[in-house]
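Chain by chain, the residues:
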Amino acid sequence: MTSRSGDRAAHFPLIEKKYGKPVAQWFRELKQLPSEKYADQLGLLIERHGFSRAHANALVMFHR
């Protein structure tokens, strides 16, 4: 279980296991998105790839 310390990277091992790709791949996808808006980045992960909101938020906030 991740701590509440705010360390978003603590989610990465579970994200890689659950979604089957390294976090570097998800960061590349976020970088290729034409919009830099938070909601658009979150939506990409949640709607297109089935991420939970918590995991999507961890990646987007770390990416930013």
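Figured I'd write up the structure that's included with this text. The structure presented is a predicted model; accordingly, all values stated were derived computationally and were not measured. (Residues numbered from 1 in each chain as written. Predicted model: local features only at pLDDT ≥ 70, side-chain atom pairs only at ≥ 80, totals over all residues. Heavy atoms only, no water.)

1. Examining the side chain of Glu 29
Note the threshold: Elements are defined by DSSP. Helices are runs of H or I of four residues or more, strands are runs of E of two residues or more, and each kind is numbered from the N terminus. Whether two residues are in contact is decided by their heavy atoms: any pair within 4.5 Å suffices.
Looking at the secondary structure, you find Glu 29 in helix H2 (residues 23-32). When residues no more than four places from it in sequence are discounted, the contact partners of Glu 29 are Lys 21, Leu 44 and His 49.

2. Re the nonpolar core
In summary, soluble globular proteins display a tendency toward joint burial of nonpolar side chains. As a reminder, the rule being used: The term nonpolar core refers to a set of buried residues drawn from Ala, Val, Leu, Ile, Met, Phe, Trp, Tyr and Cys, joined through side-chain atoms within 4.5 Å. Categorising residues by exposure relies on relative accessible area from a 1.4 Å probe, with only protein chains included: less than 20% of the type maximum marks a residue as buried, more than 50% marks it as exposed, and the intermediate range marks it as partly exposed.
Counting 15 residues, the largest nonpolar core has Ile 15, Trp 26, Leu 45, Phe 51 and Leu 59 as its most contacted members. At the level of elements, helix H1 (12-19), H2, helix H3 (38-49) and helix H4 (53-63) are the ones that each hand at least two residues to this core. Among the elements that line this core, the one with the most residues is H2, at 4 residues. With sequence-adjacent residues up to four places away left out, Ile 15 is seen in contact with Gly 20, Val 23, Trp 26, Phe 51, His 55 and Leu 59.

3. Section: the side chain of Ser 35
Quick note on the threshold: Any N or O atom pair separated by 3.5 Å or less is treated as a polar contact, with the protein-specific requirement of one donor-capable and one acceptor-capable atom, and with residues adjacent in sequence counted only for side-chain atom pairs.
Structurally, Ser 35 is set in the loop between H2 and H3. Side-chain polar atoms of Ser 35 contact the side chain of Asp 40, separated by 2.5 Å. If we skip the residues at most four places from it in the chain, Ser 35 touches Asp 40 and Gln 41.

4. Some remarks on the packing of aromatic side chains
As a reminder, the rule being used: The aromatic pairing rule takes the rings of Phe, Tyr and Trp, using the six-membered ring of Trp, and pairs them if the centres are within 6.5 Å, calling planes under 30 degrees apart stacked, those over 60 edge-to-face and the rest tilted.
Counted by the stated rule, this structure contains 5 aromatic pairs. Here Trp 26 and Phe 51 contribute two aromatic rings whose centre-to-centre distance is 4.9 Å and whose plane-to-plane angle is 85°, an arrangement assigned as edge-to-face. Within this pair, whereas Trp 26 is found in helix H2, its partner Phe 51 is found in the loop between H3 and H4, the two being separated by 25 residues in sequence. Residues Trp 26 and Phe 51 agree in their burial class; the two are buried.

5. Details of the packing of H1 against H4
In plain terms, the rule: Note on geometry: axes are C-alpha line fits, over the in-contact stretch for helices, and angles between N-to-C directions span 0 to 180 degrees. Relative orientations are named as follows: roughly parallel for angles under 35 degrees, roughly antiparallel for angles over 145 degrees, roughly perpendicular for angles from 65 to 115 degrees, and oblique for any other angle. Crossings are classed by handedness, with left-handed meaning an anticlockwise turn of the near helix from the far one by less than a right angle and right-handed meaning a clockwise turn. Each residue gets one label: Ala, Val, Leu, Ile, Met, Phe, Trp, Tyr, Cys and Pro are nonpolar, Asp, Glu, Lys and Arg are charged, and the others, such as Gly, are polar.
Put simply, H1 and H4 touch, their axes get as near as 10 Å, and they point 120° apart. Comparing the axis directions of H1 and H4 gives the class oblique. In the packing of H1 onto H4, the handedness of the crossing is left-handed. Here H1 contributes Phe 12, Leu 14, Ile 15, Lys 18 and Tyr 19 to the contact with H4, which in turn contributes His 55, Ala 58, Leu 59 and Phe 62. For the contact of H1 with H4, the per-class residue count stands at 7 nonpolar, 1 polar and 1 charged.

6. A few points about the pattern of salt bridges
A side chain of one charge can pair with a side chain of the opposite charge if their charged atoms are brought near each other. Put simply, the rule is: Salt bridges, as used here, are contacts in which a Lys or Arg side-chain nitrogen is within 4 Å of a carboxyl oxygen on Asp or Glu.
Enumeration according to the criterion identifies 1 salt bridge in this entry. In this structure, the salt-bridge partner of Glu 29 is Lys 21, at a minimum N-O distance of 3.8 Å. With relative accessibility at 31%, the residue Lys 21 sits in the partly exposed group.

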